[in-house]
Amino acid sequence: MTPLLEVEGLHVEFGTRDGVARVLNGVGYQVHAGETLAVLGESGSGKSVTANTVMGILPTPPATVTAGSVRYRGEELLTATEERRRELRGENVAMIFQDALSALNPVFTVGFQIGEQLRTRRGMSKRDARARAVELLDLVGIPGAAQRVTNFPHEFSGGMRQRVMIAMSLALDPDVLIADEPTTALDVTVQAQIMDLLAEIQREREMGLVLITHDLGVVAEVADRIAVMYAGRIVEQGDVHQLFANPAHPYTEALLASIPRLDSKGTELRAITGLPPTLTAIPDGCPFHPRCPRAVERCLGTDPPLIPLPGARASACLFAEDLV
């Protein structure tokens, strides 16, 4: 089966005052219909840059895509015209942005912003677009949608604004939805509601979902597969159950060990020593070796590719086969 979305060998650089920052270094993953792929990693690992590259909204300059491929249903997007990218953006591949308050235009009502794409893409009248906006707001659980459609973004709470963003992203029935930390800064109850909403919509539409997050609890609940990113590359991929039960990369192992557990009350939380590397000076060899408790001399000079492992998983570690 052809994946809905394929990212392969993606390299992106940013020109900075301190030199060239290698933000993405060969990122690759696939998303199929009805599947949820969770992309994990610390801040600065390249999760959002990958998503923005897929959407075609990277600022250029300072960003430059130096290599790689992004395909939607087999169609190459990186070499497509801007007109074609605009046709696909929102219609076929949509995105929920991390900060809803910044992503929404403060001078237009939410109904106008949802309806705008329906008027321009579907040719709807203002009345029909408004009616559909009310339906979408109701779908995502906005109380009194018929009245709230005339409200401005600042008149909504953080959780409600996030629901408005979801409504906007679903307006054109996309095949692939990229959700960039959709539950950031929301309380636990609202987080659960939003993730349940996304899961329900995904089941109804057989939509592919790319969930960018650092919340391992959310991942355990909703993901089918996981891609773990570090220093602009994917260091482990695998089924969610395999990865949680038996991580095949020391970084994944360290991330999982840092989660508070109910059965370890009173024990000290394990932290990952050191800091992620500066992207203008990524160390030679395995980029995780300065922080890795398993590192040996060979790790300093060898940058391992993703090594295939049993069970349709892969790990970029010299000792991957010993870990599983």
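Above this note sits the structure.
Residues numbered from 1 in each chain as written. Predicted model: local features only at pLDDT ≥ 70, side-chain atom pairs only at ≥ 80, totals over all residues. Heavy atoms only, no water.

Turning next to the overall build of the protein. Each helix and strand counted, the protein has 13 helices and 12 strands in total. Rg of the C-alpha trace for the protein: 21 Å, near the compact-globule value of 20 Å for 324 residues, within the 12% margin. If you line up the protein on its principal axes, its C-alpha atoms span 65 × 50 × 45 Å. Buried positions account for 48% of the 324 residues belonging to the protein. For the protein, the exposed surface amounts to about 15,600 Å²; the carbon and sulfur share of it is 52%. (Helix = DSSP H or I, 4+ residues; strand = E, 2+ residues; numbered from the N terminus. Rg over C-alpha atoms; globule rule 2.2 N^0.38 Å. Buried < 20%, exposed > 50% of the residue type's maximum accessible area, 1.4 Å probe, protein only. Areas by Shrake-Rupley, 256 points an atom, 1.4 Å probe, with all protein chains shown as cover.)

With that settled, consider the sheet that holds strand β1 (residues 5-16). One open sheet holds the four strands; their spatial order is β2-β1-β4-β5, and the pairing between them is antiparallel. Each edge of the open sheet is held by one strand with a lone partner, namely β2 (19-31) and β5 (75-76). The pairing of strand β4 (residues 63-72) with β5 spans two bridges and is classified as antiparallel. Within the sheet, the bridge partner assigned to R71 lies in β5 and is E76. (Pairing = 2+ DSSP bridges.)

What follows is about the state of the cysteines. If you walk through the whole model with that rule in mind, you get zero disulfides. C299 carries a free sulfur, and the closest cysteine sulfur to it, the one in C286, is 6.2 Å from it. Using a relative accessible area of 9% as the deciding quantity, one classes C299 as buried. (Disulfide = S-S within 2.5 Å.)

We now examine the sheet that holds strand β10 (residues 233-239). Hydrogen bonds between backbone atoms are what pair the strands of a sheet, whose relative direction is either parallel or antiparallel. Strand order across the open sheet formed by eight strands is β6-β7-β8-β3-β9-β10-β12-β11, with mixed pairing between neighbours. Each edge of the open sheet is held by one strand with a lone partner, namely β6 (93-96) and β11 (307-309). Across the sheet, the axes of successive neighbouring strands diverge by a mean angle of 20 degrees, strand direction being ignored. Judged from the six bridges that link them, strand β9 (residues 225-230) and β10 form a sheet pairing that is antiparallel. What sits directly across from I226, in β10, is G238. Each of β9 and β10 is contacted by helix α11 (residues 250-257), which is oriented at about 105 degrees to β9, the strand it contacts most. (Axes fitted to C-alpha atoms, helices over the stretch in contact; angles between N-to-C directions. Contact = heavy atoms within 4.5 Å.)

Next up on the list: the packing of helix α7 (residues 158-170) against helix α8 (residues 188-205). A packed helix pair is summarised by two numbers, namely the angle formed by the two axes and the spacing between the axes. Axis separation between α7 and α8 bottoms out at 10 Å; the angle between their running directions is 15 degrees. Considered as vectors, α7 and α8 are oriented roughly parallel to each other. α8 is crossed by α7, and the crossing has right-handed handedness. Of the residues in α8, those touching α7 at G159, Q162, R163, I166 and L170 are V190, Q193, I194, L197, L198, I201 and R205. Grouping the constituent residues of the contact of α7 with α8 by class yields seven nonpolar, three polar and two charged. (Parallel < 35°, antiparallel > 145°, perpendicular 65-115°, else oblique. Left-handed = near helix turned anticlockwise from the far one by under 90°. Nonpolar A, V, L, I, M, F, W, Y, C, P; charged D, E, K, R; others polar.)

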